Amino acid sequence: MSEILVLGAGMVGVSTALALQARGHAVTLADRRAPGLETSYGNAGVIQVEAAEPYPMPRDPMTLARMALGRSNDIAYSPAGLLHQSGALWRYFRASGPRRHKVVSQIYSQLTARATADHQPLITASGSENLIARDGLALLFRKAIDFDAAARAAEHLRAAYGVASRAVDGKAWQREEPALRLTPAGAVHYTGSWSASDPGGLTAAYADLFERQGGRILLADAKTLLRTGSGWQIDGPDGPITTKAAVLCLGPWTGSYLRRFGLRVPMVLKRGYHAHYDAPLRPRRPFLDADNGVVLSPMTRGLRMASGAALVPMDAAADPRQLRRAEAAVGTLIELGPRLEEPQWVGTRPCLPSMLPMVGAIPAQSGLWVNFGHGHQGFTLGPTTATLLADAFEGAPSELQKALSPAVQMI
Ligand SMILES: Cc1cc2nc3c(=O)[nH]c(=O)nc-3n(C[C@H](O)[C@H](O)[C@H](O)COP(=O)(O)OP(=O)(O)OC[C@H]3O[C@@H](n4cnc5c(N)ncnc54)[C@H](O)[C@@H]3O)c2cc1C
């Protein structure tokens, strides 16, 4: 047994703390805020087993031109955001070529395939069944040509990775989803995905479980982390805390934080927004309105609309234009109802240009580990990469973890 500090209490950090605790270690989980209040709070809440292939950067000139001209609501950017991330975006572009994307997808699909199975024991032990729905995720299309293409893509996912789905014509889908105001061309329903009605609440429930099982949670700033002779030290509320090992799970903040240790890991930071609505009729399950690049998820707080990605600096002021544009257009599909009053939530998908999370020990930095870079699927993959990291910590790394390790990814 050794003492381990896990820094960052989002879905990834909380899951990592639990996995290391399950191996018998004394674990301290530290964050500058309470667990589950950042990216793991504001996402669309889907546990996405259908996301077997990570999002490549579009490479065809037409799509890039549409994005550059601001005609696509999936992605927005600011010149400062592009400049700031230019190195990472170039790497992302290169990794998105068909051959490399196929290799990456073979790795990634092994993670998503086990995501629900890895969440289940934590859902049960934390008493969170009431937050989970097992109704899948739907992708909705207004144009037949888009629906046909999506149905073909779903067939590919089934053939390549065994992802279950059904393609349903628009009329039949409207019967299943009476909340819809118009008949879409069709829906692809990925039946194996789950969803949480309160993603931050689920993260917090996992953190409560960790604490009930003897784990320690405290407020601390990662900026105070120091290497000591044989381990690591951080300033806790009651003085310094020393441990043998530290695991950084700081989500989108991890890349800039690693610079303190002389490590350069460029990240693609894809900002997103959400808003809640008091919809008179809620959909039965989360769905992507493909034309508008937003996911609508029935949640405890209301119907949550989560936006596409904006490439802007982390500290840029909120500019929820994507959300507002979608709000106007989504209204033809479903009655949103009044928007609930709340401060504008902003979060950042922590993406690595490789499209893979980085999981494992940092070479030449004894006792320093990372688990971050889960991009669009960190809520899905937290428990899975946590298990991979804990196995490696025990000296039994899997082939999957080796493929995600800093030793491989930092080359
Ligand atoms: C709009 C949107 C929709 C999304 N939808 C989905 C979805 O449906 N399904 C899915 O799987 N994923 C989704 N994602 C992605 C997912 O939310 C993220 O990948 C995931 O939450 C990342 O988890 P994390 O624990 O790595 O980061 P976080 O949840 O951000 O946790 C990092 C923690 O580090 C802490 N921290 C930062 N700096 C310091 C410091 N100096 N000292 C101490 N602590 C610090 C923060 O307080 C935070 O608690 C979505 C993301 C967005 C933005």
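Note that the structure is a prediction, hence the values are computed from the model and not measured. (Residues numbered from 1 in each chain as written. Predicted model: local features only at pLDDT ≥ 70, side-chain atom pairs only at ≥ 80, totals over all residues. Heavy atoms only, no water.)

Caption draft 1: Region of the structure containing the nonpolar core. Residues Val6, Leu20, Leu202, Tyr206 and Val247 are the most contacted members of the largest nonpolar core, which totals 57 residues. Counting residues in each nonpolar core, the second largest holds 26 residues, with Ala222, Leu248, Tyr257 and Val370 among its members. (Core = buried A, V, L, I, M, F, W, Y, C linked by side-chain atoms within 4.5 Å. Buried < 20%, exposed > 50% of the residue type's maximum accessible area, 1.4 Å probe, protein only.)

Caption draft 2: Fine view of the side chain of Thr384. Among the structural elements, Thr384 can be located in helix α13 (residues 378–393). Overall, Thr384 belongs to the buried group, its relative accessible area being 0%. Other than its neighbours up to four places away in sequence, Thr384 contacts Leu111, Arg114, Ala115 and Asp118. (Helix = DSSP H or I, 4+ residues; strand = E, 2+ residues; numbered from the N terminus. Contact = heavy atoms within 4.5 Å.)

Caption draft 3: Broad picture of the pairing of strand β1 (residues 3–7). In terms of residue burial, β1 counts as a mostly covered element, since four of its five residues are buried. Bridging between β1 and strand β2 (residues 26–31) involves five bridges; their strand directions are parallel. Within β2, the residue paired with Glu3 across the bridge is Ala26. Read from β1 through helix α1 (residues 11–22) to β2, the crossover connection turns out right-handed. Where β1 lies against strand β14 (residues 245–248), four bridges are found, and the strand directions are parallel. Its bridge partner lying in β14, Leu7 is registered against Leu248. (Pairing = 2+ DSSP bridges. Right-handed = clockwise from strand over helix to strand, strands pointing away.)

Caption draft 4: A look at the site of the ligand. Around the ligand, the surrounding shell holds 35 residues, and the nearest of these are Asp31, Thr39, Ser40, Val46 and Thr380. Within the backbone of Val12, an N or O atom sits 3.1 Å from an oxygen atom of the ligand. One of the side-chain nitrogen or oxygen atoms of Asp31 is found 2.6 Å away from an oxygen atom of the ligand. Burial of the ligand by the protein amounts to 98% of the accessible area it has alone, namely 1,000 Å². Among the secondary structure elements, those contributing two or more residues to the shell around the ligand are α1, α2 (39–42), β20 (345–351) and α13. For the shell around the ligand, the residue count by class is 14 nonpolar, 16 polar and five charged. (Near = heavy atom within 4 Å. Polar contact = N/O pair within 3.5 Å; in protein donor to acceptor, adjacent residues only side chain to side chain. Areas by Shrake-Rupley, 256 points an atom, 1.4 Å probe, with all protein chains shown as cover. Nonpolar A, V, L, I, M, F, W, Y, C, P; charged D, E, K, R; others polar.)

Caption draft 5: Quick look at the sheet that holds strand β5 (residues 132–133). The strand order β3-β9-β5 describes an open sheet built from three strands, whose pairing is antiparallel. Each end of this open sheet is capped by a strand with a single partner; those strands are β3 (46–47) and β5. With two bridges joining them, β5 and strand β9 (residues 194–196) adopt antiparallel strand pairing. Of the residues in β9, the one forming a bridge with Ala133 is Ser195.

Caption draft 6: Up close: the sheet that holds β14. Overall, mixed pairing links the six strands, which are arranged β10-β2-β1-β14-β22-β21 in an open sheet. Strands with a single pairing partner mark the edges of an open sheet, and in this sheet they are β10 (216–219) and β21 (358–361). The average angle at which neighbouring strand axes cross in this sheet is 20°, direction not considered. Summarising the sheet, β2 and β10 pair through four bridges and their orientation is parallel. Across the sheet, residue Ala30 finds its bridge partner in β10, namely Leu218. Together, β2 and β10 form the strand contacts of helix α10 (residues 199–212), whose direction differs from that of β10 by roughly 120°. Against the sheet, α13 touches β1, β14, β21 and β22 (368–372), its axis set at about 160° to β22. (Axes fitted to C-alpha atoms, helices over the stretch in contact; angles between N-to-C directions.)

Caption draft 7: Structural detail: the packing of aromatic side chains. Going through the model one piece at a time under the given rule, you end up with four aromatic pairs. Taken together, a centroid distance of 5.5 Å and an interplanar angle of 80° make the contact between Trp232 and Phe261 edge-to-face. A residue pair is termed long-range when its members are at least 10 positions apart, and Trp232 in strand β12 (residues 232–236) and Phe261 in the loop between α11 (254–258) and β15 (268–277) qualify at 29 residues. When sorted by exposure, Trp232 lands in the same class as Phe261, which is buried. In this structure an aromatic cluster arises from ring pairing among Trp232, Tyr257 and Phe261. Between Arg32 and the ring centre of Trp253, over which it is positioned, the NZ or CZ distance is 5.1 Å. Here Arg304 stacks its cationic end above the ring of Tyr41, 5.5 Å away from the centre of that ring. (Phe/Tyr/Trp six-rings, centres within 6.5 Å; stacked < 30°, edge-to-face > 60°. Lys NZ or Arg CZ within 6 Å of the ring centre and 35° of its normal.)

Caption draft 8: Local environment of the packing of helix α7 (residues 115–125) against α10. It is at 9 Å that the axes of α7 and α10 come closest, and there the two elements cross at 70°. Put simply, α7 runs roughly perpendicular to α10. Considering the relative orientation of α7 and α10, their crossing is left-handed. Here His119, Leu122, Ile123 and Ala125 of α7 lie close against α10, whose contacting residues are Leu202, Tyr206, Leu209 and Arg212. (Parallel < 35°, antiparallel > 145°, perpendicular 65-115°, else oblique. Left-handed = near helix turned anticlockwise from the far one by under 90°.)

Caption draft 9: Layout of a positive patch on the surface. A cluster of like positive charges, contributed by Arg91, Arg94, Arg259 and Arg264, occupies part of the molecular surface. With respect to the helices and strands, Arg91 occurs in helix α5 (residues 86–95). In this structure Arg91 comes out as partly exposed when scored by relative accessible area, which is 43%. (Patch = residues over 30% accessible without salt bridge, like charges linked within 9 Å, V, L, I, M, F, W, Y side chains within 5 Å. Salt bridge = Lys/Arg side-chain N within 4 Å of Asp/Glu carboxyl O. Lys, Arg positive; Asp, Glu negative; His and termini not counted. Charge placed at Lys NZ, Arg CZ, Asp CG, Glu CD.)

Caption draft 10: Representation of the environment of Asp146 in the model. Here Asp146 is to be found in helix α8 (residues 144–161). In the structure, Asp146 is positioned 39 residues away from Ala185 in sequence and 8.5 Å away in space, judged by C-alpha atoms.

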